[in-house]
Amino acid sequence: MEHEVFVPFPVDTVRLALTESDRVARCVPGLQQDADETAGPLAGRLRLRIGGSTITYRGSLRIAARGGDFEAQGEGTEARGGGSVKLALTVGLKAVAGGTVLICSGAVRSEGRLAEFDEEAAATVGRRMLDRFGAALAAGLESDPVVTLDDVEEVAVDDVGDLDDIDDVDDIADVEDIEDIEDVAEVGDLSDLDELGDLGDEPPAEAAHARRTMIGRSTEEVDHAPPRGRYAPVPAPDTVSSGIALRWAAPAAAVVIASAVVVSRVLRRRK
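Conventions used here
- Along each chain, residues carry numbers from 1 onward, in the same order as the chain's sequence is written.
- Given that the model is predicted, a residue must reach a pLDDT of at least 70 before its local features are reported, and side-chain atom pairs must reach 80 or more before they are shown or counted; all residues, however, enter totals for whole chains, interfaces and linings.
- Only hydrogens and water are set aside; all other atoms, that is, all heavy atoms of the structure, feed into the side-chain values.
- Residues with no salt bridge and a relative accessible area higher than 30% make up the patches, which join like charges within 9 Å and nonpolar side chains (Val, Leu, Ile, Met, Phe, Trp, Tyr) within 5 Å.
- The protein chains shown are the only cover counted for residues, whose accessible areas, like all others here, come from Shrake-Rupley with a 1.4 Å probe.
- Here, a salt bridge means any Lys or Arg side-chain nitrogen found within 4 Å of an Asp or Glu carboxyl oxygen.
- Working convention for charge: Lys and Arg count positive, Asp and Glu count negative, and His plus the chain ends are omitted.
- Charge placement uses NZ in Lys and CZ in Arg. For Asp and Glu, CG and CD serve respectively.
- In this text, helices come from DSSP runs of H or I with a minimum length of four residues, and strands from runs of E with a minimum of two, each type numbered from the N-terminal end.
- Burial classes: relative accessible area under 20% of the type maximum marks a residue as buried, over 50% as exposed, and values in between as partly exposed (1.4 Å probe, protein chains only).
- Any two strands with at least two DSSP-identified bridges between them are counted as paired.
- Note on definitions: angles span 0 to 180 degrees between N-to-C directions of axes, and those axes are lines fitted to C-alpha atoms, for helices only across the stretch in contact.
- Contact criterion: two residues are considered in contact whenever any of their non-hydrogen atoms come within 4.5 Å of each other.
- Two N or O atoms count as a polar contact when they lie within 3.5 Å, although within protein this holds only if one can serve as hydrogen donor and the other as acceptor, and sequence-adjacent residues are included solely when both atoms are side-chain atoms.

(A) Layout of a positive patch on the surface. On the surface, a cluster of positive charge is contributed by Arg 47, Arg 49, Arg 128 and Arg 132. Breaking the positive patch down by element, the ones donating at least two residues are strand S3 (43–50) and helix H3 (119–143). When you line up the elements, Arg 47 lands in strand S3. The exposure class assigned to Arg 47 is exposed, which follows from its relative accessible area of 54%.

Given below as C-alpha cells:
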C-alpha cells in the first residue's frame, strides 16, 4: 500500500512533531491508550472499522527515525478472538509549497477476522486512517505548536532584556525597601580583619616622651621633686593606635555591602 498525506506545516516542524510519542498517539484514529503508563503512549486498544464491522485489537506501536524518514512497527491481537495483525510502515517527508507531504508505504499481515476481507478493502481502510492521522496532526500543530531551537534561542534573548534600560541611581533614597542599615547582611567580626598595614617602626609616643624628660635630671629630682622649668614634662600627644583604623574600617565595609545590595535590588525591580 502507498499513500500520500498533505500537512500544511514546514518539514522541520512535522519532523519534530513525529518524534513526540504523546502527540503521535493523540493523532492515531481509534486508539484508546493503555492506563498502564509503563506500557508507553503508543500502547492500548485500537478499534478498526472495515466492511461494516468493527475489530478491536490490543497491542503497541513503535516509531523510530531512520535518516530523514520514519519507520513504524506495530503488532496486536484481537480483543475477542484468536486473530492477530502486524504492521510495517515507512513515512518519508517531502517539502512542497505550503507545507509537507507524508509519503507512506507499508504492508499488513493479518490472521483472523481481518484476513477475511480482500486486499482492496484493507487498503481502503489504511488510506482512510492515514488521512485522519494527517488531519489530526495538522490540528494538533495548530493548537499546540512544537518548540523549535530557534524559538528557544529567541525566548532566551528576550528574557535577558536590555541593560541600557536601567536608569542611573543618583540618590539612595530612590531605592525602595532600604530603611535601616540592619537590612545589610552581617559583616562579621571586624576583629577578624587582617592587619591593615604596618604602622611604622617608631616607638610609642609615651616612651619617647619619657625618654626626653629623663635626660639631664638628677636622681633627687627624678625620685622626689616634681619636675619644673625646663625639666617640666611636655604634654604627650594623642595616642595613635590601630583602633583608629578599625573605627573607620567598619563604616567603610558597611557602605560597600550596602552599595551591592542597592544595585542588586534595583536590577530585580527593573526586571
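Having seen the structure, we can now continue with the description.
(B) A look at the sheet that holds strand S7 (residues 99–111). Strand order across the open sheet formed by seven strands is S1-S7-S6-S5-S4-S3-S2, with antiparallel pairing between neighbours. The open sheet has two edge strands, strand S1 (2–7) and strand S2 (31–33), and neither has a second partner. Adjacent strand axes in the sheet meet at a mean angle of 30 degrees, parallel and antiparallel pairs treated alike. Pairing between S2 and S3: three bridges, direction antiparallel. Residue Gln 33 lies in a different strand from S3, and its bridge partner there is Gly 44. Against the sheet, helix H1 (residues 11–18) engages S1, strand S4 (53–66), strand S5 (69–78), strand S6 (84–96) and S7, with an angle of about 155 degrees to S6. Of the strands in this sheet, S1, S3, S6 and S7 touch H3, which is tilted by about 15 degrees from S1.

(C) Summary view of the pairing of S3. Two strands pair when backbone bridges link them, and S3 and S4 are joined in this way by eight bridges, in the antiparallel orientation. Its bridge partner lying in S4, Arg 47 is registered against Thr 56. Following S3, the chain reverses through two residues before pairing antiparallel with S4; Gly 51 in that reversal takes a positive phi of roughly 55 degrees.

(D) Focus on the environment of Arg 58. With respect to the element layout, Arg 58 can be found in strand S4. For Arg 58, a relative accessible area of 40% gives the class partly exposed. Spatially, the C-alpha atom of Arg 58 lies 9.5 Å from that of Gln 32, the residues being 26 residues apart in sequence. Polar side-chain contacts of Arg 58 include one of 3.2 Å to the side chain of Asp 34.

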